[in-house]
Amino acid sequence: QKEVEQNSGPLSVPEGAIASLNCTYSDRGSQSFFWYRQYSGKSPELIMSIYSNGDKEDGRFTAQLNKASQYVSLLIRDSQPSDSATYLCAVNDDYKLSFGAGTTVTVRA
Amino acid sequence: DAMVIQNPRYQVTQFGKPVTLSCSQTLNHNVMYWYQQKSSQAPKLLFHYYDKDFNNEADTPDNFQSRRPNTSFCFLDIRSPGLGDAAMYLCATSRGDTNNEQFFGPGTRLTVL
């Protein structure tokens, strides 16, 4: 499987702030990129998919993709305590996902 | 609602006693996956089916087997569970198209005594 690296956590942000999560990948030919949110003891939940360079916004979440730099990021605006979770970056690799190790985010009230 | 269902949600077995975990989907997706996830680790792919074609990961132990009798169901068989097999087992599905979004079921937490 191809390598996917995420910025090491944990990441602690105050309520209302922006949480910024970063991910780099090794395969320049990768085309599909995903962010999953995983609460403790639960399964991963797909929150963002991105396929083209640029930004994609969905509510308080913005995914950014830069294929030239092999970099994908997730911004969480107006962070809420309910955003406290582990966020997994995943890259599609021939019908399989290569996951990063995850970044644990804690939003403090 | 279309979804991925896993049963049971919690499974306790004894060392060496075979166990079967089940997954069903109402999404009519072509691909079904089984992952193992241990605490503070990313999900680790065990194998996947694209329709009836079985694809085993090179490092999946022989102790793990899978069956997909039809489009909707997929089973994970652990022939002789060891203490190291205690984990969350996740089933996921995807259409198998170019973008290949994967959707996970709620998982089965396996405890080995």
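As the structure is a computational prediction, the values presented were derived from the model and not from experiment. Numbering of residues begins from 1 in every chain and follows the order in which that chain's sequence is written. Both sets of labels track the order of writing: A upward for chains, 1 upward for ligands. pLDDT decides what is reported in this predicted model: residues at 70 or higher carry local features, side-chain atom pairs at 80 or more are listed and counted, and totals for whole chains, interfaces and linings draw on all residues regardless. Excluding hydrogens and water, the side-chain figures rest on all heavy atoms present in the structure.

Another aspect to go through is the side chain of Glu-101 of chain B. In this text, helices come from DSSP runs of H or I with a minimum length of four residues, and strands from runs of E with a minimum of two, each type numbered from the N-terminal end. Turning to its location among the elements, Glu-101 of chain B is positioned in the loop between strand E9 (87–94) and strand E10 (103–104). Buried charge without a partner: Glu-101 of chain B forms no salt bridge, and the closest opposite charge is Arg-95 of chain B, 4.2 Å away. Within the structure, the side chain of Glu-101 of chain B is placed 2.6 Å from the side chain of Ser-49 of chain A, a separation counted as a polar contact. Think of a polar contact as two N or O atoms within 3.5 Å of one another; within protein, one of them needs to be a possible hydrogen donor and the other a possible acceptor, and neighboring residues in sequence only count if both atoms come from side chains. In this structure the side chain of Glu-101 of chain B is engaged in a polar contact, spanning 3.3 Å, whose partner is the side chain of Tyr-51 of chain A. Burial here depends on accessible area, computed with a 1.4 Å probe over protein chains only, as a share of the maximum for the residue type. Under 20% is buried, over 50% is exposed, and the range in between is partly exposed. Residues scored as positive are Lys and Arg, those scored as negative are Asp and Glu, and His as well as the terminal groups of each chain are ignored. Put simply, a salt bridge is a Lys or Arg side-chain nitrogen that is within 4 Å of an Asp or Glu carboxyl oxygen.

Working note: regular strand, side chains alternate between the two faces of the sheet. All names here are of chain A. Strands are treated as partners if at least two bridges between them are detected by DSSP. As defined by bridge partners, strand E4 (residues 33–38) adjoins strand E5 (residues 45–50) across five bridges and the pair is classed as antiparallel. Each residue of the ladder has a partner; that of Arg-37, found in E5, is Glu-45. As consecutive antiparallel partners, E4 and E5 are separated by six residues, and within that stretch Gly-41 has a phi angle of approximately 80°, a positive value.

Here we take up the environment of Ala-87 of chain B. Residue and element names in this part refer to chain B. Residue placement: Ala-87 occurs in strand E9. Through-space distance from the C-alpha of Ala-87 to that of Cys-74 is 18 Å; in sequence the pair is 13 residues apart. The contact criterion used throughout is that any non-hydrogen atoms of two residues lie within 4.5 Å. Dropping the residues within four chain positions of it, Ala-87 is found in contact with Gln-36, Gln-37, Lys-38, Thr-108, Arg-109 and Leu-110.

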